Amino acid sequence: MSAASKVSPRADFLSALAWIAFGLSVVAGAWRMDRMESQGATLYTAPGLVPGMLGAMMLFLGMLLAVRAMRAGGHRQFGASWALSPQARFAAPRVALTLGLGLAYAAGMVGHGGIPFWLATFTFVFVFLMVFDWPQRRAKGEGGKGILLALIYGGGTAFVVSYLFEYVFLVRLP
Amino acid sequence: MFDGLIAFGHSIGSFLTPQSLFYVFASSLVGLIIGALPGLTATMGLALMTTLTLKMPSSQALLVLVCTYVGAIYGGSRSAILLNIPGTPASAASCLDGYALARQGHAGRAMGIATSGSVLGTLIGMFFLALFTPLLGDLALKFGAYEFFWLTVFGVVISGTLTGDDPMKGWMAGFLGLFVATIGQEAIYAYERFNFGNRDLAGGIALVPALVGAFGFAELLVVMKERQVPVKINPFDSVIPRVRDVLRYWKTILRSGCIGTFIGIVPGVGEDVAAWTSYAAAKRASKEPETFGKGSIDGLMAAETGDNACVPGAVIPVLTLAVPGSAPAAVLMAAMLIHGVQPGPMIMIQSPQFVYDVVAMMLFATLGILFYGLTLTKLMIRVLQVPQTVIVPVILVLCTIGAFAIAGRLFDVWVMLAFGIIGFILRQLNYPMAPLVLGIVLGDLMEKNLRRGLVLSDGDLGPFLTRPISLVLWLAIVLIIALKFDAVRNLFSRARAAVLGR
C-alpha cells in the first residue's frame with residue numbers, strides 16, 4: 001500500500017491500535033446481538049450481520065495500518081520526545097479553549113437548559129471575544145474598545161440570531 | 001426532447017416570482033461568503049442552511065440550498081486568488097495560478113476568469129444534468145438490491161480512494177460512516193443496536209447534526225488551530241470577465257466542464273477532485289505547460305470550470321440513484337428527504353417535473369454568481385478581513401441551532417459536539433471527511449439492500465457476483481482497491497511489460 005501520509009508513524013500506530021480495539025468491540029457487540037431466531041430470522045437477516053461485517057473490515061484495515069506504521073518504525077518511537085512543536089504549542093491551548101467554550105455553551109448553557117437562549121449566546125460570544133480577541137487589543141492599548149466591541153458583537157449576535165430564527169425562519173430555539 | 005424543454009420552461013416560470021428571486025440572490029450571497037471564508041466549506045454552509053429552510057415550501061427551500069451550494073463553490077475562488085488560501089477545498093487548484101496572477105497585479109482579471117469559468121462550468125453541468133438524468137433514470141430502473149448494495153460500497157471505496165492522500169484511511173473513514181448508520185433500530189425487527197439503553201440513540205444518528213458537527217464544529221477547531229496571517233490584498237484591475245479569455249480557452253472550458261460533470265456523477269468524489277483533474281488535463285493539453293502555477297489563465301479557467309461543473313454533476317446520481325456525488329450533495333439529498341422529496345430511480349416516473357425544477361435552480365444559481373461576480377468585489381474584500389475570532393463564535397452558535405432545529409432534540413446538539421470532536425481528531429490524523437459523510441448517508445441503503453438481496457437469493461451469493469451490473473461494480477471495487485497496493489501494481493507493470501515484449 002502506497003501512501004503519502006502527513007502524520008507521524010507513531011500517531012498512525014496509535015490510531016491503528018484504536019481502530020483495532022474499536023473494530024473488535026463492534027464485532028463482539030454484533031456477535032452478542034439477538035439473532036431473532038424466535039421470529040424466524042436467518043443468518044442473512046440477523047441484526048448483527050452488517051455491523052459485524054463493518055467491524056471486521058475496520059479491524060482488518062486497522063491491522064493493515066498497524067503493520068504499515070510498524071514498518072515505518074512507529075512502534076519504536078515511544079521513547080522519542082513527546083515535546084510539542086512551536087506550532088502545536090500555539091495551537092493546543094487555542095483548540096482546548098475553543099473546545100471548552102463550545103462545550104460550555106452548546107452542552108452546558110444550551111444543552112442543560114435553565115438559561116434563555118439569547119443570554120447564553122450573548123455570554124458565549126462575549127467571553128469568546130474576551131478570551132481570543134481582547135488580549136491583542138489590550139496589548140495595542142485598545143482594551144476599553146475591545147470590551148465594548150465584545151459587548152456589541154455578543155448582544156448583536158444574540159439579538160439577530162434569536163430574532164431571525166424565531167420570527168423569520170420560524171425555527172424553534174433550544 | 002420538447003417535453004423536457006416545456007417542463008424546463010415551466011420550472012423557470014415557477015421561480016420567476018419576487019420572493020424566489022430574492023431567495024436566489026440572498027442565498028447565492030450567503031454561499032459566496034461561506035465559500036470565500038477560509039475554513040468554512042460548502043458542506044457546512046448547506047448543513048446550516050438546511051435548518052434555516054425547514055419551514056419553507058420544498059421548492060423554495062431547495063432553491064436556497066442549490067444557490068448556496070453553487071455560490072459557495074464559486075466563492076472559494078475569491079480567497080484563493082486574493083489570499084492564496086482556498087476558501088473551500090474545491091478552490092485549492094485555483095490558488096496556484098489565481099494568486100500568481102494577483103501578485104502580478106491581475107487579481108481583477110483572475111476573478112473575472114473565475115467568474116466566467118464558474119458560470120460556464122455550471123451551465124455545462126446543468127446541460128448534462130438535464131440530458132443525463134432521464135437516461136440514468138432509465139438505467140437506474142434496472143438496479144435491484146444486488147446492484148444497489150454494490151453501488152453503495154463502490155461509492156464509499158471510490159470516495160475513500162480519491163478524496164484524501166491515503167486511500168486506506170479514506171476506506172476506514174468510509175466504513176466508520178457506514179457503521180454509524182447502523183446505530184439505532186434496524187429496519188426488519190426494530191432491534192436496537194449499539195444504543196447502550198439510551199432511548200435517543202435508539203432512534204439512530206441523524207444526518208444533519210452529524211454533518212454540522214463533522215463539517216462545522218470540527219472546521220472551527222481547525223480554523224482556531226491555525227495562526228491567522230494578516231490579510232494583505234494585492235492591488236487589482238477590472239473584475240469584468242473578458243470575452244477574449246473565454247473565446248481563447250473554449251476548448252479548456254468544454255473539456256473541464258465535461259470532466260467536472262463526470263467526476264460529479266461518480267459517487268462521493270466531489271469538487272476538489274474535479275478541479276484538480278481538470279487542471280491536470282489542461283496542463284497536459286497545453287502548449288505552454290511550464291506557465292502552469294505561474295499565473296496561467298488556462299490553468300485557472302480549467303480549475304474553476306471543473307469544480308463548478310461538478311455541482312450539477314454531483315446532483316445527477318442524487319436524483320437518479322439516491323447516491324450523492326459529493327459531500328455537499330449528500331446534505332442536499334438529506335434536505336430533499338426532509339422536505340418530502342424522494343430521490344431515486346422512480347423520480348423520472350413519479351415526479352419528472354422536479355428534475356427540471358433542479359435544472360432551473362442551477363440556472364438561477366448561475367445568474368446569482370454572475371451578478372455577484374461582477375459587482376461584489378469590495379464587499380468580499382471586507383468579508384475576508386473580518387478576524388476569525390469574530391466569525392468562529394457566531395458559526396458555533398449557528399451549528400448549535402442547526403443541530404437542534406431539525407428535530408427539536410437537545411440530543412442532536414450532543415451528536416453535533418461528538419462528531420465535531422471525532423471529526424477534528426480524524427482530520428488531524430489525515431482521515432478524509434467525505435467518505436465518512438458518504439458512509440453515514442449510504443449506510444441504510446447498503447444494509448437494506450444487502451439483507452434484501454440475501455433473503456431474495458436465500459443466501460446464495462451468486463446474483464451478487466454474476467448479474468451484469470453487479471459484476472461490473474464489484475470488479476471495479478476490487479480493481480480500485482488492488483491497484484492501491486504496490487505489489488499488485490508491480491504485478492500489473494510486469495504483466496504489461498511481458499505482453500508488450502519489453
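Note that this is a predicted model, so its numbers are computed, not measured.

How each quantity is defined
- Residues numbered from 1 in each chain as written.
- Chains lettered and ligands numbered in written order.
- Predicted model: local features only at pLDDT ≥ 70, side-chain atom pairs only at ≥ 80, totals over all residues.
- Helix = DSSP H or I, 4+ residues; strand = E, 2+ residues; numbered from the N terminus.
- Rg over C-alpha atoms; globule rule 2.2 N^0.38 Å.
- Buried ≥ 20, exposed ≤ 12 C-beta atoms within 10 Å, placed from the backbone.
- Contact = placed C-beta atoms within 7 Å.
- Domains from an automatic or database assignment.
- Nonpolar A, V, L, I, M, F, W, Y, C, P; charged D, E, K, R; others polar.
- Axes fitted to C-alpha atoms, helices over the stretch in contact; angles between N-to-C directions.
- Parallel < 35°, antiparallel > 145°, perpendicular 65-115°, else oblique.
- Left-handed = near helix turned anticlockwise from the far one by under 90°.

For the rest of this paragraph, the subject is the overall build of chain A. Counting secondary structure elements, chain A contains 6 helices and 0 strands. Listed by position from the N terminus, the elements making up chain A come as α-α-α-α-α-α. Taking 16 Å as the expected radius of gyration for a compact globule of 174 residues, we find that chain A reaches 25 Å, considerably beyond that expectation. Projected onto the principal axes, the alpha-carbon positions of chain A cover approximately 65 × 55 × 25 Å. Here chain A, with 174 residues, has 31% of them falling under the buried criterion. In chain A, 63% of the contacts between residues at least 6 apart in sequence involve partners at least 24 apart.

By convention, interface size is frequently given as the accessible area that disappears when the constituent parts associate. All names here are of chain B. Domain parsing of chain B yields domain 1 (2-466) and domain 2 (467-502). For domain 1 versus domain 2, the distance between C-alpha centres works out to 30 Å. Between domain 1 and domain 2, the residue contacts involve 16 residues of the former and 11 residues of the latter. Going through the elements one at a time, helix H7 (145-162) and helix H22 (462-466) are the ones with two or more residues in the side of domain 1 that touches domain 2. Per element, the largest residue contribution to the side of domain 1 that touches domain 2 is 9 residues, and it comes from H7. When the residues that make up the side of domain 1 that touches domain 2 are grouped by side-chain class, the tally is 12 nonpolar, 2 polar and 2 charged.

On the chain B side, the residues contacting the 60 residues of chain A number 53 residues. Only helix H1 (9-31), helix H2 (49-71), helix H3 (86-110), helix H4 (117-132) and helix H6 (143-168) of chain A provide two or more residues apiece to the side of chain A that touches chain B. At 12 residues, H3(A) tops the list of elements feeding residues into the side of chain A that touches chain B. In terms of residue class, the side of chain A that touches chain B is made up of 44 nonpolar, 11 polar and 5 charged.

Further remarks concern unusual backbone geometry. Residues and elements named next belong to chain B. Unlike most non-glycine residues, Phe196 shows phi in positive territory, near 50 degrees. Inspection of the secondary structure assignment puts Phe196 in the loop between strand E2 (192-193) and helix H9 (199-202). Residue Phe196 is classed as exposed on the basis of its 9 C-beta neighbours within 10 Å. With a phi angle near 55 degrees, Asp458 is a residue other than glycine that sits in the positive phi range. Relative to the helices and strands, Asp458 resides in the loop between helix H21 (434-456) and H22.

Packed helices, taken two at a time, are described by the angle their axes make and the gap between the axes. All names here are of chain B. At a minimum axis distance of 9 Å, the contact between helix H4 (residues 58-83) and helix H14 (residues 297-321) shows a crossing angle of 165 degrees. The angle between H4 and H14 places the two elements in the roughly antiparallel class. Seen from above, H4 lies across H14 with right-handed handedness. Residues Tyr69, Val70, Ile73, Tyr74 and Ser77 of H4 touch H14, and the partners they reach there are Glu304, Asp307, Asn308 and Val311. Across the contact of H4 with H14, the residue classes tally to 5 nonpolar, 2 polar and 2 charged.

Turning our eyes to something else, we now look at the environment of B:Leu417. Structurally, the position occupied by B:Leu417 is in helix H20 (residues 410-428). What makes B:Leu417 buried here is the crowd of 24 C-beta atoms within 10 Å. Taking the C-alpha atoms as reference points, B:Leu417 and B:Met49, separated by 368 residues in sequence, lie 18 Å from one another. Residues within four places of B:Leu417 in sequence aside, it is in contact with A:Leu103, A:Ala106, A:Ala107, B:Gly213 and B:Phe217.

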